[in-house]
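Here is how the chains run, residue by residue.
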Amino acid sequence: MTLALEQLLNGFQFGIMLFLLAAGLTLIFGIMNVINLAHGCLYMIGAYAAALVAARTGSFLLAIPAGLVAAGMAGLIIEFLVIRKLYDRDHLQQVLATFGLILFINEGVTMLFGRTPLFVSIPPALSGSIEIIPGIPYPTYRIAIMVVGLLVAGGLYLLVNKTRIGMLVRAGSTHREMVRALGVDIRLLYTIVFALGALLAGLAGLMAGPLLAVQVGMGEQILILTFVVVVIGGLGSIRGAFYGALIVGLTDTMLRAFLPGFFKTFMNASEADALGAGLSSMGIYLVMALVLLIRPQGLFHAQG
Amino acid sequence: MLKVDETYIAQTKAEPRRRSWWPVAGTIVFILCAAAFPFLAKAIGDPSLVGLVTRIAIYAIAAASLNLILGYGGLVSFGHAAYFGVGGYVVGILYNHYISGDPFWGFIPGTNQLLITIPAAIIISGLFALVLGALSLRTSGVPFIMITLAFAQMLYFLFVSLKAYGGDDGLIVRRRNVLFDLPMADDTTFYYVTIGIAVLYFIVFAKLVRSQFGIVLGGIRQNERRMAAIGISTYQYKLVAFVIAGMGAGLAGALMANYSKFVSPDMLHWTKSGDLMIMIIIGGTGTLLGPVLGAAALIGLETYLTSWTEHWKFFLGPILILIVLFSSGGLTSVFSGWSRKRE
């Protein structure tokens, strides 16, 4: 029971991390109609910058702005040099060009920092655990991630639904030409949205640092999961990204935690572990297949 | 199932087909060059070129098979390496059971006969493509790209977790499959076998894209709604194309498993799908010979850059971006007339 609750929270926390990435990805697609495979690179850049600053200064407080600034700047540079020229191209060209970006960035990071993963320690202030229910301690750091993630989700909700920029973003995602006709500097809007997506990816990256090994390729691993989130939630929908992320995060974590144990009840341990691990990594794809069968447009398709 | 409005076909075929001599002549010249190549390589003192060209031919088959859906059908499938890997694993797993002697699932005996493993690889890859394609094709556009990529990664993780077949480390195929009494261990013999299969494949491929099926597929790429409006069930056409493409990749994968005597989950990795797309874009989408040129260009570039630096991807990435930003026709536009350009 304790384990189940703990895994439930882990799944929730993982889902929130996925949301930070999916929100950026889905915004960039919804507004600019660009598929950006290099989104995972921004997550990796945020993680690396934070890990390096934390290692040099020993301060996680300094690592936070470092991760955000690095990812944001990288986002702006990428937008200016490559993405900007892809707005009117077909999806194949966007896929190829952003795939080229991945090769370049990943290999560049490998050349600079090598292939050995970096490890970041959890900041001392958050290293303990809190008893959420008497008798059930849960790591403070993971709770902090959930709080930050939920605050960002709330902030994003307010930004998109209550502000002028949000209004333009919403209008831009469905009626692009109309927004342009109203005299809005659409280029600036695109740049802002792209930078915002980069910041969210960087935030996810810097928070993931202490939980995972910071290494080249970490971005692509989570990018594929983010795609599943976006497909399940419905392309272009922030709300869809939120629920999709929670579904994927919970499904993935719960299957990984309990499937091998379930198989062990009727087969030998090592086979059960292997089969359980294999099937649980396929679990979210089965969920995706199921959603596709019922609603090919995703659960919360933005354009009706 | 494949009912087609006759006027559309009639219109498409209305322009009289030029009976030109070059496809036949070109094929003959190519076969002569390909036959002479190993002797040439030996003459210039670099026999390793034979292996390089074998690899190019194998990737050309894989890239061409993707080009059927991507270039001719307009479906950006980003998970094509999955079928390449499945084809490779069919060879690897059958060989594994042939050596150990105990049958797969208790009743399918293993084998090392090329005439059995290759059709098996083609069929199994086709079945995988049928299931994943049927699901993926319920969407289009960007979700389709994401879903094909995600399903391919799913298969990647499946093979990583199959500890019985090597998991992460992959499977070694100690000896190449047997074809009659040919000395398959000899790289030159295997080169001739591969080139022979590739030539057959491209002849069939050329017939396919010029057939009624290929014409309808092109129509779907240009305007799916119009095709649907004249009574064509576009979903079925796209699915059949998806399955044929998967079968082609399975063939290439089976050859690759034989060539490198090794299969691993890396064959299914999504970057491999990216490589196949790069080959098509470099060579020219929707063309017959584009993937061949693209495969030669990418494998050649890779071989050249790796001899120079291990961080060759650092240079390949920007090259790729520049190609996308500043060209649209690919290499085949340079050789216009060598192949049928997309309209």
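Residues numbered from 1 in each chain as written. Chains lettered and ligands numbered in written order. Predicted model: local features only at pLDDT ≥ 70, side-chain atom pairs only at ≥ 80, totals over all residues. Heavy atoms only, no water.

Peer 1: Explain the interface of chain A and chain B to me, please; I cannot follow it from the model alone.
Peer 2: It is common to report an interface's size as the accessible area lost on association of the parts. Of the residues lining the interface, 42 residues belong to chain A; the matching set on chain B comes to 41 residues. Contact between chain A and chain B buries roughly 3,900 Å² in total, counting both sides, with carbon and sulfur atoms accounting for 85%. Among the residues chain A hides against chain B, the three largest losses belong to L92, L96 and F99 of chain A. Together they make up 15% of the total. A salt bridge links E310 of chain B to R115 of chain A, with the shortest nitrogen-to-oxygen separation between them at 3.5 Å. Counting every contact that joins chain A to chain B gives five residue pairs in polar contact (both at pLDDT 80 or more). Those elements that place two or more of their residues in the side of chain A that touches chain B are α1 (2–32), α4 (91–113), α9 (218–233) and α11 (269–294) of chain A. The element best represented in the side of chain A that touches chain B is α4 of chain A, accounting for 16 residues. Here the residues of the side of chain A that touches chain B are counted per class, giving 30 nonpolar, seven polar and five charged. (Contact = heavy atoms within 4.5 Å. Buried area = accessible area lost by both parts, 1.4 Å probe. Salt bridge = Lys/Arg side-chain N within 4 Å of Asp/Glu carboxyl O. Polar contact = N/O pair within 3.5 Å; in protein donor to acceptor, adjacent residues only side chain to side chain. Helix = DSSP H or I, 4+ residues; strand = E, 2+ residues; numbered from the N terminus. Nonpolar A, V, L, I, M, F, W, Y, C, P; charged D, E, K, R; others polar.)

Peer 1: How should I be thinking about a nonpolar patch on the surface in this particular structure?
Peer 2: Residue and element names in this part refer to chain B. A cluster of nonpolar residues, I123, I124, L127, L130 and V131, forms a patch on the protein surface that exposes about 430 Å² of accessible area. With respect to the element layout, L130 can be found in helix α5 (residues 114–136). Look at L130 and you get partly exposed, because its relative accessible area is 39%. (Patch = residues over 30% accessible without salt bridge, like charges linked within 9 Å, V, L, I, M, F, W, Y side chains within 5 Å. Areas by Shrake-Rupley, 256 points an atom, 1.4 Å probe, with all protein chains shown as cover. Buried < 20%, exposed > 50% of the residue type's maximum accessible area, 1.4 Å probe, protein only.)

Peer 1: I tried to follow the pairing of strand β1 (residues 129–133) of chain A on my own but got confused; where do I start?
Peer 2: Where a strand is regular, its side chains alternate between the two sheet faces. All names here are of chain A. Where β1 lies against strand β2 (residues 136–139), four bridges are found, and the strand directions are antiparallel. Within β2, the position partnered with S129 by the bridge is P139. In this antiparallel pair of consecutive strands, β1 and β2, the connection spans two residues, and G135 shows a positive phi of 95°. (Pairing = 2+ DSSP bridges.)

Peer 1: Would you take a moment to explain helix α10 (residues 234–260) of chain B for this structure?
Peer 2: Along an α-helix, a turn takes 3.6 residues, which lines up residues three or four apart on a common side. Given a rise of 1.5 Å per residue, 27 residues ought to cover 39 Å, and the 39 Å separating the end C-alpha atoms of α10 of chain B matches this to within 8%. Most of α10 of chain B is tucked away, with 21 of its 27 residues classed as buried. (Expected span 1.5 Å × (residues − 1).)

Peer 1: I keep staring at helix α5 (residues 140–162) of chain A and nothing clicks. Help me out?
Peer 2: With 23 residues, α5 of chain A should cover 33 Å at 1.5 Å per step; its first-to-last C-alpha distance of 32 Å lies within 8% of that length. Those residues of α5 of chain A that fall on the buried side of the exposure criterion are T140, Y141, I145, M146, G149, A153, L156 and V160 of chain A.

Peer 1: What should I look at first to understand the side chain of T309 of chain B in this one?
Peer 2: Residues and elements named next belong to chain B. Within the fold, T309 resides in the loop between α12 (290–308) and α13 (313–326). Owing to a relative accessible area of 18%, T309 belongs among the buried residues under this scheme. Of note is the side chain of T309, whose polar atom sits 2.9 Å from the backbone nitrogen of H311.

Peer 1: Looking at this structure, I do not really get unusual backbone geometry. What am I missing?
Peer 2: Of all residues except glycine, most have a negative phi; of all peptide bonds, most are trans. One non-glycine residue with positive phi stands out, namely N33 of chain A, at about 60°. Among the secondary structure elements, N33 of chain A is positioned in the loop between α1 and α2 (39–57). Positive phi, close to 55°, is recorded for K261 of chain B, a residue that is not glycine.

Peer 1: Looking at this structure, how should I read the packing of helix α3 (residues 48–72) of chain B against helix α7 (residues 187–210) of chain B?
Peer 2: All names here are of chain B. One can describe the packing of α3 onto α7 by two numbers: an axis separation of 9 Å at closest approach and a directional angle of 20°. Between α3 and α7, the angle falls in the class roughly parallel. As for how α3 packs across α7, the hand of that crossing is left-handed. Together, V50, V53, T54, A57, I58, A60, I61, A64, S65, L68 and Y72 of α3 and D187, T188, F190, Y191, T194, I195, A198, Y201, F202, F205, L208 and V209 of α7 make up the contact between the two elements. Here the residues of the contact of α3 with α7 sort into 18 nonpolar, four polar and one charged. (Axes fitted to C-alpha atoms, helices over the stretch in contact; angles between N-to-C directions. Parallel < 35°, antiparallel > 145°, perpendicular 65-115°, else oblique. Left-handed = near helix turned anticlockwise from the far one by under 90°.)

Peer 1: For this particular structure, what's the right way to read the pattern of salt bridges?
Peer 2: Note that side chains of opposite charge can pair when their charged atoms are close. All names here are of chain B. The final tally for this structure, using the stated rule, is five salt bridges over all chains. For D187, the salt bridge goes to R176, with nearest N and O atoms at 3.0 Å. With D187 in helix α7 and R176 in the loop between β1 (171–172) and α7, this residue pair connects regions lying eleven residues apart in the sequence.

Peer 1: Before we go on, may I ask you to explain the packing of aromatic side chains in this structure?
Peer 2: Tallying each qualifying case throughout the model produces 24 aromatic pairs over all chains. Between Y95 of chain B and Y98 of chain B, the ring centres sit 6.3 Å apart and the planes meet at 40°, which makes this aromatic pair tilted. Separated by three residues within a single helix, Y95 of chain B and Y98 of chain B lie in helix α4 (residues 81–100), roughly one turn from each other. Owing to a relative accessible area of 41%, Y98 of chain B belongs among the partly exposed residues under this scheme. Ring plane angle 35° and centroid distance 5.9 Å describe the contact between Y201 of chain B and F205 of chain B, whose orientation is recorded as tilted. Of the two residues, Y201 of chain B and F205 of chain B both sit in helix α7, four residues apart, roughly one turn of that helix. Comparing Y201 of chain B with F205 of chain B, the two get one shared label, buried. Among the aromatic residues, ring-to-ring pairing joins F19, F242, Y243 and F300 of chain A into one connected group. (Phe/Tyr/Trp six-rings, centres within 6.5 Å; stacked < 30°, edge-to-face > 60°.)

Peer 1: Sorry, what's going on with the environment of L316 of chain B here?
Peer 2: Here L316 of chain B shows up in helix α13. In this structure the C-alpha to C-alpha distance between L316 of chain B and Q153 of chain B, which are 163 residues apart in sequence, comes to 23 Å. Apart from the residues within four sequence positions on either side, L316 of chain B is in contact with L103 of chain A together with L298, L301 and L305 of chain B.

Peer 1: Explain the confidence of the model for chain B to me, please; I cannot follow it from the model alone.
Peer 2: When pLDDT is low, close inspection of the predicted coordinates is not appropriate. Residues and elements named next belong to chain B. Per-residue pLDDT for chain B has a mean of 82; in total, 89% of the residues score no lower than 70. Contacts of residues 334–343 to residues separated by more than four positions or lying in other chains number 23 contacts, the stretch itself having pLDDT below 50. ipTM for the predicted complex: 0.81, alongside a pTM of 0.84. (pLDDT = per-residue confidence, 0-100.)

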